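# Inside the fold
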Amino acid sequence: MNSDEISQAAAILGGVPVGYVPPMLFRQFARLVVLPSFVVVPLFRRGSEIHVRLTRREVADPDYPGQWHPPGTVIRPTDETLQACFERLASSELSEMTVIRGPIYFDVAFTQIVRGRELSLLHWVEIVDDNSPGNFPVGNLPNTTIDTDIPRIQKAAAYFARV
């Protein structure tokens, strides 16, 4: 890109409202910068075994079609606090779960994912076991779990097991 093209792109981006970014632009930003995310691993005990509730991506998802993952969201500049970010995530991806405790921070992950680099603040929540779809024993995750999420789930379960 030459300096005129960069100036034009900057002028156009200056008109985009702060907060939500259209998917076409988001994919380009994700390619160019490290995005911060807030990830929540929903856990519960069934007998002596720890289970996780995962969310399934849409089949049309451009990065992880049909794969299982813990809920998460990019932290937006309109999130005034991390609690506000969690509440936004909870209303969209945890709304069918009853959270008993949390979110409890346990780690940070700097990961290369399909769309780019991501810096994730990792949390777990304890939820009610209600036999919903998407419940899996942590030791027996589906083969279609996003590979970068497996160690996050295992580490969350290890912290959860101690409390």
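Below you will find a few notes about this structure. Please read these numbers as outputs of a predicted model, since none were measured by experiment.

## What about the layout of surface pockets?
Taken as a whole, the largest pocket holds about 1100 Å³ of empty space. Residue lining of the largest pocket: 42 residues in total, with Phe26, Gly72, Thr73, Val74 and Arg115 positioned closest to the centre. Elements with a minimum of two residues in the lining of the largest pocket: helix H2 (23-32), strand S1 (35-46), strand S3 (55-56), strand S5 (72-74) and helix H3 (82-93). Taken as a whole, the second largest pocket holds about 240 Å³ of empty space. Arg53, Leu54, Thr55, Ser92, Glu93, Leu94, Ser95, Glu96, Met97, Ser132 and Pro133 together form the lining of the second largest pocket. Residue composition of the lining of the second largest pocket, by class: 4 nonpolar, 4 polar and 3 charged.

## Observations concerning the pairing of S1
Counted residue by residue, S1 has 9 buried out of 12 residues, so it is predominantly covered. Both S1 and strand S7 (residues 116-127) contribute to a ladder of 9 bridges, which runs parallel. Residue pairing for S7: Leu43 is matched across the bridge by Glu126. Pairing geometry for S1 and S5, over 3 bridges, is antiparallel. Paired with Val39 across the strands is Gly72, a residue of S5. Pairing of S1 with strand S2 (residues 49-53) involves 4 bridges; the strand directions are antiparallel. Counterpart to Arg46 in the pairing with S2 is Glu49. With antiparallel pairing between neighbouring strands as the criterion, S1 and S2 make up a hairpin whose turn holds 2 residues, including Gly47 at a positive phi of roughly 65°.

## Digging into the packing of aromatic side chains
According to the stated counting rule, one finds 4 aromatic pairs in the structure shown. Summarising the aromatic geometry, the rings of Trp124 and Phe160 are spaced 5.1 Å apart at their centres and angled 75° between planes, so their arrangement reads as edge-to-face. One end of the pair, Trp124, is in strand S7; the other, Phe160, is in helix H4 (residues 150-161), and 36 residues separate them in sequence. Since its relative accessible area comes to 3%, Trp124 is described here as buried.

## Observations concerning the pairing of strand S6 (residues 99-113)
When S6 meets S7, the two strands line up antiparallel, connected through 11 bridges. Bridged to Val99 within S7 is Ile127. Hairpin connection between S6 and S7: a loop of 2 residues separates the two successive antiparallel strands.

## Some thoughts on the pattern of salt bridges
Per the counting criterion, the structure on display carries 10 salt bridges. One salt bridge in this structure joins Asp79 and Arg88, with 2.7 Å as the shortest N-O distance. Among the ionic pairs, Glu118 bridges to Arg152, the shortest N-O distance being 3.6 Å. On the criterion of sequence distance, the pair formed by Glu118 in strand S7 and Arg152 in helix H4 is long-range, its members being 34 residues apart. Of the two residues examined, Glu118 and Arg152, each falls in the buried class. Overlapping salt bridges bring together Arg115, Glu118, Asp149 and Arg152 as one network.

Procedures and definitions
Residues numbered from 1 in each chain as written. Predicted model: local features only at pLDDT ≥ 70, side-chain atom pairs only at ≥ 80, totals over all residues. Heavy atoms only, no water. 1 Å grid on protein atoms, 1.4 Å probe; cavity = no way out; pocket = protein on both sides within 12 Å on 5 of 7 lines; lining within 4 Å. Points joined across faces, edges and corners; volume = space filled by probe spheres on them. Helix = DSSP H or I, 4+ residues; strand = E, 2+ residues; numbered from the N terminus. Nonpolar A, V, L, I, M, F, W, Y, C, P; charged D, E, K, R; others polar. Buried < 20%, exposed > 50% of the residue type's maximum accessible area, 1.4 Å probe, protein only. Pairing = 2+ DSSP bridges. Phe/Tyr/Trp six-rings, centres within 6.5 Å; stacked < 30°, edge-to-face > 60°. Salt bridge = Lys/Arg side-chain N within 4 Å of Asp/Glu carboxyl O.

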